[in-house]
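Tertiary structure, described
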Amino acid sequence: MTNPFRSLPSVSELLEAPELADVRRMVPHDSLVAALRRELDRARAEIAAGRPVATTSPDLLASAIASLQIDLRPRLRTVLNATGIVLHTNLGRAPMAESAARAAYDAARGYLNLEFDLATGERSSRQNAVRDGICSLTGAEAATAVNNCAAATVIMLRALASGKDVIVSRGQLIEIGGSFRIPDILQVSGATLREVGTTNITRAADYEKAIGPNTGAILRVHASNYRVRGFTQAASIAELVAIGRKHGVPVIDDVGSGAAVDFAALGFPDEPLVGDGIRAGADVVLFSGDKLLGGPQAGIIAGKRRWIDAIEKDPFMRAVRLDKMALAALEATLALYRDPVRALSEIPVLRMMTTPIKVLRHRCERLAERIRVLDGIAALEVLDDTAFVGGGSLPDQAIPTVVVAVGATEASEEEFARRLRVGEPAVIARIRQGRVLFDLRTIFDSQENELVTAVASAVRGSP
Ligand SMILES: *Cc1c(COP(=O)(O)O)cnc(C)c1O
């Protein structure tokens, strides 16, 4: 009997195979050699364990090429978000509207009049693309936009209060996550934090008492991702504006999430609208582009002209300005808000948040029928459940939803979920009590076929 180890080809024999021509162009020689060695080691281990294993060159090459192709996949890949969390920070927050995505795509692949006035042939400001859209959304007289809301907070504080005190309620010294903490942001900006009130109660009088000769601004921060409940009190923006006016101190409203349609009417009563602060007389309002607004990552700054001018003159503006793709996408997103009905149907965040439960149940039942017939399904149910908006928005606001709960015969729920994550496309789902839950609120209609295919291959075995 021949020694099975001796039937294995050598690395140099494998390297000469014409099948490797394509991958040879894509991967460095060292990686190729490493992949072939890995295959040979794996085959040797199987032989040593007495298990059957393919030892011919074509088999070993096919398997090495498959693993190299997996390594060659882009690190950033499309995922199907079956978590039901609409603004999932780890999954890229807001998916953009078609028109916004297309605007970013067009901006990316060609030239555009980014800082060029086509009528006069002269240089212009890139911020012009989004000023009008932000002003009509907020009612502000002037506006600009930067890289994200954290950058907006820093540059705004630099312009209004560098070297001065900024008064903030103790109940609003929040951390948004990913190291955005109000006290740290203040420090970075060069302003000094002046805390007032207590965690649960801060009255207008507390702010007024804290005003002194070195006060630069009053900052109100929307407690985006948590709530203090029970015996609580916070000063309204109107009260703060009255104090600010009396003492000649600007008032800043960091609303964070950026709701721009009437969310209360849609069943989300706690979210301030981006126009509320300006209407109440705030000097500057800040919010994110990729939270409830549903656009690209951006920090939007709206308010009095003198402050917006001061912000744009700061040399730091250069470090936090938006790139052409984000600007184009933001302009297109803002354009959708001219017609709120259109905004609700075309901006995915708004559409997902407002999908009626009846529609979701119907979609889940249809999906369940398609999954039920797959091999390897142990259990399957359509269940009522609860989803959250996420992304530091509406923390208390559970949205009723419907999920398809699936168990696999051959895999634990963790293994089933892992296979879904590493599959193509990747699917991210919740796990509960032996089941993987698919929440269709965050799955687009157009993704349902892919979802079924992904589930079919995940229940069958690991890729
Ligand atoms: C989310 C949030 C921020 C940070 O916004 P990014 O766009 O993530 O930088 C700042 N302030 C508030 C109140 C927020 O909710």
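Predicted model only: the values in this text are computed from it and were never measured.

Scanning the chain from N- to C-terminus turns up 19 helices and 16 strands. Overall, the chain is about 100 × 55 × 45 Å in size when its C-alpha atoms are taken along their principal axes. Within the chain, the fraction of its 463 residues that count as buried is 49%. Element-wise, carbon and sulfur atoms account for 51% of the exposed surface of the chain, whose accessible area totals about 22,300 Å². Side-chain charges in the chain split into 55 positive and 55 negative, and the spacing between the mean points of these groups amounts to 2 Å.

This paragraph deals with helix α7 (residues 149-161). With 13 residues, α7 ought to run about 18 Å at 1.5 Å a step, and its terminal C-alpha atoms sit 17 Å apart, in line with that. Among the 13 residues in α7, 10 count as buried, and that is most of the element. Within α7 the residues assigned to the buried category are C149, A151, A152, T153, V154, I155, M156, L157, L160 and A161. By the N-cap criterion, in which a side-chain oxygen at the helix start approaches the backbone nitrogen of a residue two or three places on, α7 is capped by N148, the distance to A150 being 3.3 Å. Just past α7, the residue G163 takes up positive phi, approximately 75°.

Examined against the element boundaries, R441 turns out to sit in the loop between β16 (435-439) and α19 (448-460). It is D439 that comes nearest to the buried, bridge-free R441 among opposite-charge side chains, at 5.1 Å. In terms of polar contacts, R441 uses its side chain to reach the backbone carbonyl oxygen of T355, at 3.2 Å. If we ignore the near neighbours within four places in the chain, the residues touching R441 are V86, M352, M353, T354, T355, I357, L360, I399, P400 and T401.

This paragraph deals with the state of the cysteines. Overall, the coordinates contain 0 disulfides when judged by the stated rule. You can see C135 has no disulfide; the closest cysteine sulfur is in C149, sitting 17 Å from it. The class for C135 is buried, based on a relative accessible area of 17%.

A word on the domain arrangement of the chain. Once the domains are mapped, the chain shows domain 1 (7-71), domain 2 (79-90 + 352-460) and domain 3 (97-346). A separation of 55 Å is found between the C-alpha centroids of domain 1 and domain 3.

This part is about the sheet that holds strand β12 (residues 299-303). If you trace the 7 strands from one edge of the open sheet to the other, you get β4-β12-β11-β10-β9-β5-β8, paired in mixed fashion. Each end of this open sheet is capped by a strand with a single partner; those strands are β4 (142-146) and β8 (192-196). Between one strand and the next, the sheet's axes are offset by a mean angle of 25°, whatever the strand orientation. Of the strand pairs in this sheet, strand β5 (residues 165-169) and strand β9 (residues 215-221) are connected by 3 bridges, and their pairing is parallel. Residue I167 lies in a different strand from β9, and its bridge partner there is I218. In this fold helix α6 (residues 128-138) packs onto β4, β11 (284-288) and β12, with an angle of close to 115° to the strand it touches most, β4.

Moving on: the packing of α7 against helix α12 (residues 305-313). For the pair α7 and α12, the least separation of the axes is 9 Å and the interaxial angle reads 110°. With respect to α12, the axis of α7 lies roughly perpendicular. As α7 runs across α12, the sense of the crossing is right-handed. Contact residues: I155, M156, A159 and L160 in α7; W307, A310 and I311 in α12. When the residues that make up the contact of α7 with α12 are grouped by side-chain class, the tally is 7 nonpolar, no polar and no charged.

With that out of the way, let us pick up helix α4 (residues 57-72). Every α-helix winds through 3.6 residues per turn, so residues three or four apart in the chain are directed the same way. Taking 1.5 Å of rise per residue, the 16 residues of α4 would be expected to cover 22 Å, and the 22 Å separating its terminal C-alpha atoms lies within 8% of that figure. Among the residues of α4, L60, L61, A64, I65 and L68 are the ones counted as buried. Down the axis of α4, the buried set is contained in an arc of 130°. They therefore lie on one face. Buried residues along α4 sit in contact with α1 (11-15), α2 (21-26) and α3 (29-48).

Conventions and cut-offs
Residues numbered from 1 in each chain as written. Predicted model: local features only at pLDDT ≥ 70, side-chain atom pairs only at ≥ 80, totals over all residues. Heavy atoms only, no water. Helix = DSSP H or I, 4+ residues; strand = E, 2+ residues; numbered from the N terminus. Buried < 20%, exposed > 50% of the residue type's maximum accessible area, 1.4 Å probe, protein only. Areas by Shrake-Rupley, 256 points an atom, 1.4 Å probe, with all protein chains shown as cover. Lys, Arg positive; Asp, Glu negative; His and termini not counted. Charge placed at Lys NZ, Arg CZ, Asp CG, Glu CD. Expected span 1.5 Å × (residues − 1). Polar contact = N/O pair within 3.5 Å; in protein donor to acceptor, adjacent residues only side chain to side chain. Salt bridge = Lys/Arg side-chain N within 4 Å of Asp/Glu carboxyl O. Contact = heavy atoms within 4.5 Å. Disulfide = S-S within 2.5 Å. Domains from an automatic or database assignment. Pairing = 2+ DSSP bridges. Axes fitted to C-alpha atoms, helices over the stretch in contact; angles between N-to-C directions. Parallel < 35°, antiparallel > 145°, perpendicular 65-115°, else oblique. Left-handed = near helix turned anticlockwise from the far one by under 90°. Nonpolar A, V, L, I, M, F, W, Y, C, P; charged D, E, K, R; others polar. Arc of directions from axis to C-beta.

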